Amino acid sequence: MVWDLEAVRITCLPDDAFYISDFISEEEEQLLLQKVSIDQFFASNVASAPLPRWTQLAHRRLQTWPSSLTKNNTLLATPLPAWLTVPIIAPRFKELGIFNEAPHGAPNHVLVNEYRPGQGIMPHEDGPAYYPLVATVSLGAPIVLDLYEKTQPESQHLRSPNFRVLQERRSLLVTRGQMYTEFRHGIAEKQADADLGAETVCNWALLGEKEAFAGGSYERQTRTSLTYRDVRKVATMGHTLKFLGGR
Ligand SMILES: O=C(O)CCC(=O)C(=O)O
Ligand SMILES: [Fe+2]
């Protein structure tokens, strides 16, 4: 398929943000959710040594693929598992060309975040460890992402965000450039998302199923996100062994 990125630009946001509804099929969504839950029992490549993949945080659960970054923000080179690669990176991200200018030409790192109703993530920025582009695939249920200009004091976060993006299940949200560097993003700890409409949701025109939100609110259900990024610093195994060997 050939995608026209300009056609899915979120025009009321600064550069750059794109939203694609129905980015993956229902079958693909179910398979991904299954993998996310099965892989909590198995390490990616050491099936005989069960390893819990989830890290329980105060307000959500997290998986880090292929592994956490080192203290100085380096990724130890390991390929992502196949289920996180096909079909999302290959062929779809490749067709979109979104990672073409990233240092490694493709994402090398994926965070899996799971939010139950009432859970969220504090406003934050993803920082300089990554090339400034995040591609988020949403699974299971919709959720609202809040965007805050960094120039505003953090106390503003207790009040209203500058922009809100409604992420439907099976959608893709791409934020890059200024949207990555000049904004914080967060998800409110709520049981329901309300006050939804063309005036308050900046990707309203790009939604796949506006009718579902016509009432202006919905109750949260468990929503899982896959956030794809390119970690700038990657250490190859050769370097790592040399480092461990002290030479
Ligand atoms: O779940 C999301 O959409 C956002 C996750 C996030 O901001 C992060 O992991 O840095
Ligand atoms: Fe983030």
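Thresholds, definitions, all that
- Residues numbered from 1 in each chain as written.
- Chains lettered and ligands numbered in written order.
- Predicted model: local features only at pLDDT ≥ 70, side-chain atom pairs only at ≥ 80, totals over all residues.
- Heavy atoms only, no water.
- Helix = DSSP H or I, 4+ residues; strand = E, 2+ residues; numbered from the N terminus.
- Buried < 20%, exposed > 50% of the residue type's maximum accessible area, 1.4 Å probe, protein only.
- Contact = heavy atoms within 4.5 Å.
- Areas by Shrake-Rupley, 256 points an atom, 1.4 Å probe, with all protein chains shown as cover.
- Near = heavy atom within 4 Å.
- Polar contact = N/O pair within 3.5 Å; in protein donor to acceptor, adjacent residues only side chain to side chain.
- Nonpolar A, V, L, I, M, F, W, Y, C, P; charged D, E, K, R; others polar.
- Donors = N, O, S within 2.8 Å, 3.2 Å for Na, K, Ca; no water.
- Pairing = 2+ DSSP bridges.
- Core = buried A, V, L, I, M, F, W, Y, C linked by side-chain atoms within 4.5 Å.
- pLDDT = per-residue confidence, 0-100.
- Axes fitted to C-alpha atoms, helices over the stretch in contact; angles between N-to-C directions.

Engineer: Can you help me understand the overall build of the protein chain in this one?
Structural biologist: Within the protein chain, the secondary structure is distributed over 5 helices and 15 strands. Sorting the 247 residues of the protein chain into buried and exposed places 49% on the buried side. Expressed as a percentage of contacts within the protein chain between residues at least 6 apart in sequence, the contacts between residues at least 24 apart total 79%. Counting every atom, the protein chain has about 12,400 Å² of accessible surface; 55% of that belongs to carbon and sulfur.

Engineer: Can you help me understand the site of ligand 1 in this one?
Structural biologist: What surrounds ligand 1 is the set Leu-111, Asn-113, Tyr-115, Ile-121, His-124, Asp-126, Thr-136, His-185, Ile-187, Arg-223, Ser-225 and Arg-229. Residue Tyr-115 places a side-chain N or O atom 2.7 Å away from an oxygen atom belonging to ligand 1. Ser-225 is positioned with one of its side-chain polar atoms (N or O) 2.7 Å from an oxygen atom of ligand 1. Protein contact buries 94% of the 300 Å² of open area that ligand 1 shows by itself. Among the secondary structure elements, those contributing two or more residues to the shell around ligand 1 are strand E5 (109-115), strand E6 (121-124), strand E11 (183-187) and strand E14 (223-229). For the shell around ligand 1, a count of residues per class yields 4 nonpolar, 5 polar and 3 charged.

Engineer: Where do I start with the coordination of the iron ion (ligand 2) in this structure?
Structural biologist: Where a metal carries four tetrahedral donors, each ideal angle is 109.5 degrees; where it carries six octahedral donors, the ideal angles are 90 or 180 degrees. Surrounding the iron ion (ligand 2) are the protein donor atoms His-124 (NE2), Asp-126 (OD) and His-185 (NE2), which sit 2.1 to 2.2 Å from the metal. Donor residues binding the iron ion (ligand 2) come from one chain and are separated in sequence as H-x1-D-x58-H. One end of the pair, His-124, is in strand E6; the other, His-185, is in strand E11, and 61 residues separate them in sequence.

Engineer: Is there a simple way to explain the environment of Gly-120 in this structure?
Structural biologist: For Gly-120, the location among the structural elements is in the loop between E5 and E6. Judged by relative accessible area, Gly-120 falls into the buried class, the value being 2%. Sequence separation between Gly-120 and Ala-205 is 85 residues; the distance between their C-alpha atoms is 25 Å. Setting aside residues no more than four positions away along its own chain, Gly-120 makes contact with His-59, Arg-60, Tyr-115, Ile-187, Ala-188 and Glu-189.

Engineer: What should I look at first to understand the sheet that holds strand E1 (residues 17-20) in this one?
Structural biologist: Sheets are built from strands paired through backbone hydrogen bonds, the pairs being either parallel or antiparallel. Taking strand neighbours across the sheet as the criterion, the 7 strands line up as E1-E10-E7-E14-E5-E3-E2 in an open arrangement whose pairing is antiparallel. Both edges of this open sheet fall to E1 and strand E2 (55-56), since each of them pairs with a single strand only.

Engineer: Mind showing me how you'd approach the nonpolar core here?
Structural biologist: Side chains that are nonpolar tend, in soluble globular proteins, to be buried together. In terms of nonpolar packing, the biggest core is built from 31 residues, with Phe-93, Leu-226 and Tyr-228 touching the most fellow members. Other than its neighbours up to four places away in sequence, Leu-226 contacts Leu-32, Val-36, Leu-84, Ile-88, Val-110, Leu-111, Val-112, Ala-135, Thr-136, Val-137 and Leu-139.

Engineer: Help me out: how do you make sense of the confidence of the model for the protein chain in this one?
Structural biologist: Regions with low pLDDT carry predicted coordinates that are not meant to be interpreted in detail. Mean pLDDT for the protein chain: 90, with 88% of residues reaching 70 or above. Reported for the predicted complex are a pTM of 0.91 and an ipTM of 0.99.

Engineer: I'm lost on the sheet that holds strand E8 (residues 143-149) in this one. Help?
Structural biologist: The 4 strands are arranged E6-E11-E8-E9 in an open sheet whose pairing can be described as antiparallel. On the outer flanks of this sheet lie E6 and strand E9 (163-167), each paired with one strand and no other. Looking at each pair of strands side by side, their axes are set apart by 20° on average, direction ignored. Examined bridge by bridge, E8 and E9 share 5 bridges and lie antiparallel to one another.

Engineer: Would you explain the pairing of strand E10 (residues 172-176) in this entry?
Structural biologist: Working note: regular strand, side chains alternate between the two faces of the sheet. Among the 5 residues that make up E10, 4 are buried, leaving the element largely enclosed by the rest of the structure. The pairing of E1 with E10 spans 4 bridges and is antiparallel. Bridge pairing links Phe-18 to Val-174 in E10. Pairing analysis gives 5 bridges linking strand E7 (residues 133-139) to E10, with the strands arranged antiparallel. Opposite Ala-135, over in E10, you have Val-174 as the bridge partner.

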